[in-house]
Structure formats: structure tokens, C-alpha cells
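Take a look at the letters that make up each chain.
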Number of protein chains: 2
Amino acid sequence: MVSQAEENYLKAVFAISEKEGKSATTNAIAATMQTTAASVTDMLKRLADKNLIAYEKYRGVLLTPDGRRIATELIRKHRLWEVFLLEKLGFAWDEVHELAEQLEHVQGDALVDRLDAYLGYPKYDPHGDPIPDAQGRWTLRQQVPLVTLQPGERGTVTGVQDHSSAFLQYLDQLGLGLGVEVEMLERIPYDQSARVRAAGKTELMLSEKVCQNLFVKTN
Amino acid sequence: MVSQAEENYLKAVFAISEKEGKSATTNAIAATMQTTAASVTDMLKRLADKNLIAYEKYRGVLLTPDGRRIATELIRKHRLWEVFLLEKLGFAWDEVHELAEQLEHVQGDALVDRLDAYLGYPKYDPHGDPIPDAQGRWTLRQQVPLVTLQPGERGTVTGVQDHSSAFLQYLDQLGLGLGVEVEMLERIPYDQSARVRAAGKTELMLSEKVCQNLFVKTN
DNA sequence: AATTATTTTTAGACTAGCCTAAAAATTGAT
DNA sequence: ATCAATTTTTAGGCTAGTCTAAAAATAATT
Ligand SMILES: [Mn+2]
Ligand SMILES: [Mn+2]
Ligand SMILES: [Mn+2]
Ligand SMILES: [Mn+2]
């Protein structure tokens, strides 16, 4: 049995370490979980006892195969529920994450698989993040931050780096959602902001911060 | 804040006391929750401190208005999720309860109301139990145990008393689901079993136990 | 290399929720 | 009314998970 708290820690370790294959530090986990380093050390011992992480004092941690499987299933559930909340219940993309944080802990293999089928086996969640399949396989995507596009280059919005409500609502306001075509028109050297054409017509001024947090697939 | 454990206790008190308006005893709650009387007493003190129950030592408990509201919302969520699992995900009526026990604890007013709308504001759950509306109002139904029907009388199956998998699966096997028309043909004095016509054609022999656990609305 | 700064772990304490065993209160039976 | 049976509460202890403060280990600087 794995508790909800344990699941959340595994997810945090996955998010931190799986990016680069490097181990997750106590402080990094504490920051992600919004808790203290002492609480993290406590939990790391428990997770190591259960063989869900490889832990050496002062050396950070990595997931074991079991730990990685649990984290992957949790992410799968989280993102499927996000799709459900958006597609079926009509929530906005900035409202689904908090609810999915709760729904991801509901246990039941049949539930996940039936939900997956009901949603049509989606490969990406409302933020463009990939959804692992029932075997834990990921469908990764070629995407780059908008900031890397040269003037004249075009792309399609495929995801966000920042998942905050503030950012997502601002994108809504700008008319920038997943699937929208964008063309880089000009980079302003003074502040690294960008002039961009969206959906073939609207012309927008985007700050460097926005351009760093928006992923596009180049056409 | 009300924990999941507290919510479950309130639901148990509701189930026991709201039936007759009489107070729920420590032992009755312990039996429902499958725990010890000592644990119940512990929790009753906490719930009384939060003004969710009226508790006098050795005298049993009743819900306060706040407690009743929380219990009602929990039942509403539970039964709406059961409808979702059956109608949308295709689970059988004997599979939905366990999952709903988990889903009922997901917090979010908007979630419940959107789910309700998505399901078309159902008034009854897959077992025929009433679903309170957003204002906590119940749509009660005239129904009696099948055992009370006299030979020649007809009715429509509207619910079950026993929610166990064993009973529900047996009903499936007999072709007795919600909405099926039944006619009492004969009561056997020897063992109180009954000969019943189902859906206008099939003739069934039902034990007294089955007849007590099946609710019908007389036509 | 020695010292300082940072990170991590340990020590000790707290709450929620559960348990068993014993004591107290209530109910039922003579 | 008294005694016995039952129900309920209390007492004490356990685990999971959290915290703060202090100690220990590691990393960075001089
Ligand atoms: Mn999310
Ligand atoms: Mn997401
Ligand atoms: Mn149920
Ligand atoms: Mn039900």
C-alpha cells in the first residue's frame, strides 16, 4: 500500500529527477512539496524502506523501477482527469489542475482504463503535457519555447511551461491556446520582447517571459 | 475543514439516525464503520467540538444542521459519481459503490454541480436511492418491499435494500434490474418464498430474503 | 588547508486516527 | 432493590505525517 502522501512525494521526485536523469535533492523536493527539508528526509527513509527510491544520505534520490511505475501511473491518472474535466465537464484549462490533484489518488485500475477509453485515449492533457499509456509509455513531442523562433519562422502552440492560473488566463485573453498558429515577426533587442502574429491575423506583443513559457512545434 | 474520516462518520450517523429520527448509538456507528466503540467515542468528541453532532455521553448522537448538510452533500456526491460510473464509464451496478466511496471525498462545489448537469440532474442512483439536489432537497419515492405484494398485484422494481455484490449480481442473473415490471403470482406458505412473473414473461421463484431486499412501486 | 556558508539529517514534539484493556455507566433480570 | 449483563467511556499506547531547533555533513571561499 502506498499512501497519498507517498504518492505525492514520488511524483515530485519524478518531476525533478526524470528531467535530466540526475538525482533529486532534499531541498528541491521540499520546495516542490512546499514543506520542510526535515519532513522530506523523514519521508525519504520510508520510501527507501519500501524500495520505491534509491536513497543515500546527503546524496539525493532516484526512483526505483517500482517507484517510477507508481509515479507514471499517478501522472497518467492526473492528466486523464484533467482531460475529463475540460472536455466533458467544461472547466477551463486553468481550473483543472487542483481538482486533478485530488482525483489522481482515486484507486482502481479498471477506472483509469475505462476513463482513458471514454476520453478516446488522449495523448496530451489540456496543457499539452503527454499522457503515458496503460503500459507507461510516453508519446514525447518535438517542441521548443517560442523564444527560440527566428523572425519569419512559424509554429503551432503545443504546450506551456508555466501552469499557473495567471499565465493561462493571460493566454486566454491573448487568444493563445493549444493549436493556435503563431508567426514570429520581430524580436525587440531592447527587452527581448517579441512581435508575433497569432492565428494568421491578430498581432501581439509578448514579453520575453511569455515567450519562454510557451512551447511551439515549428511548422 | 472536515477530514475524510470525519465525513465518513457523519455519513454513518446520518444513515443510522435519519431513518427514524432517533439518535445513533456508539455501537451502531462502530458496526457501520467496522471499527471499535473506543474509536467511535474518540471521533464523537471531535465532531461535537466542531458542532457537527449533538453528543451527550452514553446518550447517543444526532446531527446538527451543519453536520446534516455535510452528510447530505457527501451522499449527493457519492450517488452522482455512481451514476457517472454506470452511465458514462459502463461499470455494472455492483461495481460502482467502492469507487464512489473514494470519489465522494473529492472537494469542489463547481465539480459536483457540473457533474450533476453533465448527467442530466438524475434523481436516483443506480441502486434506486434518491440523490439530493444542490439545495439538499430529497425526492422521496413511494416504494415497498416486494414481499408486501399480494398475489395478483403488480409493481416496478425501483430499488434495493441490500447493496451487496452478491445480491446485485444474483438480480442480474434473474433479469431483475431497476424498471423491470413484476407481478406477484403466488406466495408459498411453507417458506414464504414467492412465484413472480418478471418483465411480463419470465416466471421466477424468489426466496423471502430476496423479496425483502427488493423495492417496488405498485402500479 | 582552514574557515565559512549551505545543505541535510537528527532529535524531540505535536496531531489525527486508530487500537486494546480496564473502568464506569446504563440497562435488564431476578 | 440488587446483581448481572451490556454498552460506553477512559486510559494508555501505536503509526503516519508534520513541524522547529540543533547537530552533522558537504560545498564554497579565502
Ligand atoms: Mn496538472
Ligand atoms: Mn496538466
Ligand atoms: Mn453506494
Ligand atoms: Mn448507490
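Located above this text is the structure these notes cover.
Just so it is clear, the structure is predicted and the values come from calculations on it, not from any experiment.

**What to know about the coordination of the manganese ion (ligand 2)**
All names here are of chain A.
Turning to step 1, where the next piece is worked out: Surrounding the manganese ion (ligand 2) are the protein donor atoms Glu82 (OE), Asp125 (OD) and His127 (ND1), at 2.1 to 2.3 Å.
Turning to step 2, where the next piece is worked out: All donors of the manganese ion (ligand 2) belong to a single chain; written as a sequence motif, their spacing is E-x42-D-x1-H.
Turning to step 3, where the next piece is worked out: Separating the manganese ion (ligand 2) and the manganese ion (ligand 1) is a distance of 3.4 Å, and glutamate 82 donates to both of them.
Turning to step 4, where the next piece is worked out: Since its relative accessible area comes to 4%, aspartate 125 is described here as buried.

**Some remarks on the interface of chain A and chain B**
Turning to step 1, where the next piece is worked out: At the junction of the two partners, chain A supplies 20 residues and chain B supplies 20 residues.
Turning to step 2, where the next piece is worked out: Of the roughly 1,600 Å² buried where chain A meets chain B, counting both sides, 68% is carbon and sulfur surface.
Turning to step 3, where the next piece is worked out: Of all residues in chain A, the largest losses of buried area upon contact with chain B belong to Leu89, Arg114 and Tyr118 of chain A, amounting jointly to 32% of the total for that side.
Turning to step 4, where the next piece is worked out: Where chain A touches chain B, the interface holds 0 salt bridges.
Turning to step 5, where the next piece is worked out: Viewed at the interface, chain B and chain A are joined by 7 residue pairs in polar contact (both at pLDDT 80 or more).
Turning to step 6, where the next piece is worked out: Elements supplying a minimum of two residues to the side of chain A that touches chain B: helix H4 (65–87), helix H5 (96–103) and helix H6 (109–118) of chain A.
Turning to step 7, where the next piece is worked out: In terms of residue count, H6 of chain A provides more of the side of chain A that touches chain B than any other element does, 5 residues in total.

**Quick look at the coordination of the manganese ion (ligand 1)**
Residues and elements named next belong to chain A.
Turning to step 1, where the next piece is worked out: Taken together, the protein donors to the manganese ion (ligand 1) comprise His78 (NE2), Glu82 (OE) and His97 (ND1), at separations of 2.1 Å.
Turning to step 2, where the next piece is worked out: Sequence spacing of the donor residues for the manganese ion (ligand 1), all on one chain, is H-x3-E-x14-H.
Turning to step 3, where the next piece is worked out: Under the relative-accessibility criterion, histidine 97 is labelled partly exposed at 31%.

**Thoughts on the protein's contact with DNA strand C**
Turning to step 1, where the next piece is worked out: Inspection of the region around DNA strand C gives 22 residues, with Tyr55 and Lys57 of chain A together with Ser3, Thr35 and Ser39 of chain B positioned closest.
Turning to step 2, where the next piece is worked out: Among all atoms of DNA strand C positioned within 4 Å of the protein, those belonging to sugar or phosphate total 76%.
Turning to step 3, where the next piece is worked out: A distance of 2.9 Å is found between a phosphate oxygen of DNA strand C and a side-chain nitrogen or oxygen belonging to threonine 41 of chain A.
Turning to step 4, where the next piece is worked out: Tyrosine 58 of chain A is positioned such that a nitrogen or oxygen atom in its backbone is 2.9 Å from a phosphate oxygen of DNA strand C.
Turning to step 5, where the next piece is worked out: Those elements that provide at least two residues to the surface near DNA strand C are helix H2 (26–33) and helix H3 (37–49) of chain A together with helix H1 (4–17) and helix H3 (37–49) of chain B.
Turning to step 6, where the next piece is worked out: In the surface near DNA strand C, the residues fall into 8 nonpolar, 8 polar and 6 charged.

**Here's the deal with the pairing of strand S4 (residues 154–160) of chain A**
All names here are of chain A.
Turning to step 1, where the next piece is worked out: Counting buried positions along S4 gives 6 out of 7 residues, so the element sits mostly inside the fold.
Turning to step 2, where the next piece is worked out: For S4 and strand S5 (residues 181–187), the ladder comprises 3 bridges, and the chain directions are antiparallel. Paired with glycine 155 across the strands is valine 182, a residue of S5.
Turning to step 3, where the next piece is worked out: Note: S4 against strand S8 (residues 214–218), 5 bridges, orientation antiparallel. By the bridge assignment, valine 160 is partnered in S8 with leucine 214.

**Overview of the pattern of salt bridges**
Pairs can form between side chains of opposite charge whenever their charged atoms are close.
Turning to step 1, where the next piece is worked out: The final tally for this structure, using the stated rule, is 26 salt bridges over all chains.
Turning to step 2, where the next piece is worked out: Here arginine 68 of chain B and glutamate 18 of chain B are joined by a salt bridge, their closest N and O atoms 2.7 Å apart. You can see arginine 68 of chain B sitting in helix H4 (residues 65–87) and its partner glutamate 18 of chain B sitting in the loop between H1 and helix H2 (26–33), a full 50 residues away along the chain.
Turning to step 3, where the next piece is worked out: Ionic pairing is found between glutamate 73 of chain B and arginine 69 of chain B, a salt bridge with its closest N-O pair at 3.7 Å. With glutamate 73 of chain B and arginine 69 of chain B both in helix H4 and 4 residues apart, the pair spans about one turn of that helix.
Turning to step 4, where the next piece is worked out: For glutamate 73 of chain B, a relative accessible area of 38% corresponds to the partly exposed category.
Turning to step 5, where the next piece is worked out: Salt bridges linked by common partners bring Lys11, Glu101 and Glu104 of chain A together as one network.

**Brief notes about the nonpolar core**
Turning to step 1, where the next piece is worked out: Grouped together as the largest cluster of nonpolar side chains are 34 residues, with contacts concentrated most on Trp81, Phe84 and Leu85 of chain A together with Trp81, Phe84 and Leu85 of chain B.
Turning to step 2, where the next piece is worked out: Going through the elements one at a time, H4, H5 and H6 of chain A together with H4, helix H5 (96–103) and helix H6 (109–118) of chain B are the ones with two or more residues in this core.
Turning to step 3, where the next piece is worked out: Leaving out residues up to four positions away in the same chain, tryptophan 81 of chain B has contacts with Trp81, Phe84 and Leu103 of chain A together with Ala100, Leu103, Glu104, Leu111 and Leu115 of chain B.

**Quick look at the sheet that holds strand S3 (residues 144–145) of chain A**
All names here are of chain A.
Turning to step 1, where the next piece is worked out: Pairing is antiparallel across the open sheet formed by 6 strands, whose spatial order is S3-S8-S4-S5-S6-S7. The open sheet terminates on both sides in strands that have one partner only, identified here as S3 and strand S7 (202–206).
Turning to step 2, where the next piece is worked out: Pairing between S5 and strand S6 (residues 194–198): 5 bridges, direction antiparallel. The residue bridging glutamate 186 from the neighbouring strand is arginine 195, located in S6.

**A look at the packing of H1 of chain B against H4 of chain B**
Residue and element names in this part refer to chain B.
Turning to step 1, where the next piece is worked out: Close contact between H1 and H4 brings their axes to 9 Å; oriented N to C, the two are set at 95°. In terms of their interaxial angle, H1 and H4 are classed as roughly perpendicular. In this structure, H1 uses Glu7, Asn8, Leu10, Lys11 and Phe14 to contact H4, whose residues at the interface are Gly67, Arg68, Ile70, Ala71, Thr72, Leu74, Ile75 and His78.
Turning to step 2, where the next piece is worked out: Here the residues of the contact of H1 with H4 are counted per class, giving 6 nonpolar, 4 polar and 3 charged.

Definitions and cut-offs
Residues numbered from 1 in each chain as written. Chains lettered and ligands numbered in written order. Predicted model: local features only at pLDDT ≥ 70, side-chain atom pairs only at ≥ 80, totals over all residues. Heavy atoms only, no water. Donors = N, O, S within 2.8 Å, 3.2 Å for Na, K, Ca; no water. Buried < 20%, exposed > 50% of the residue type's maximum accessible area, 1.4 Å probe, protein only. Contact = heavy atoms within 4.5 Å. Buried area = accessible area lost by both parts, 1.4 Å probe. Salt bridge = Lys/Arg side-chain N within 4 Å of Asp/Glu carboxyl O. Polar contact = N/O pair within 3.5 Å; in protein donor to acceptor, adjacent residues only side chain to side chain. Helix = DSSP H or I, 4+ residues; strand = E, 2+ residues; numbered from the N terminus. Near = heavy atom within 4 Å. Nonpolar A, V, L, I, M, F, W, Y, C, P; charged D, E, K, R; others polar. Pairing = 2+ DSSP bridges. Core = buried A, V, L, I, M, F, W, Y, C linked by side-chain atoms within 4.5 Å. Axes fitted to C-alpha atoms, helices over the stretch in contact; angles between N-to-C directions. Parallel < 35°, antiparallel > 145°, perpendicular 65-115°, else oblique.

What is shown is where atoms sit, not what they do.
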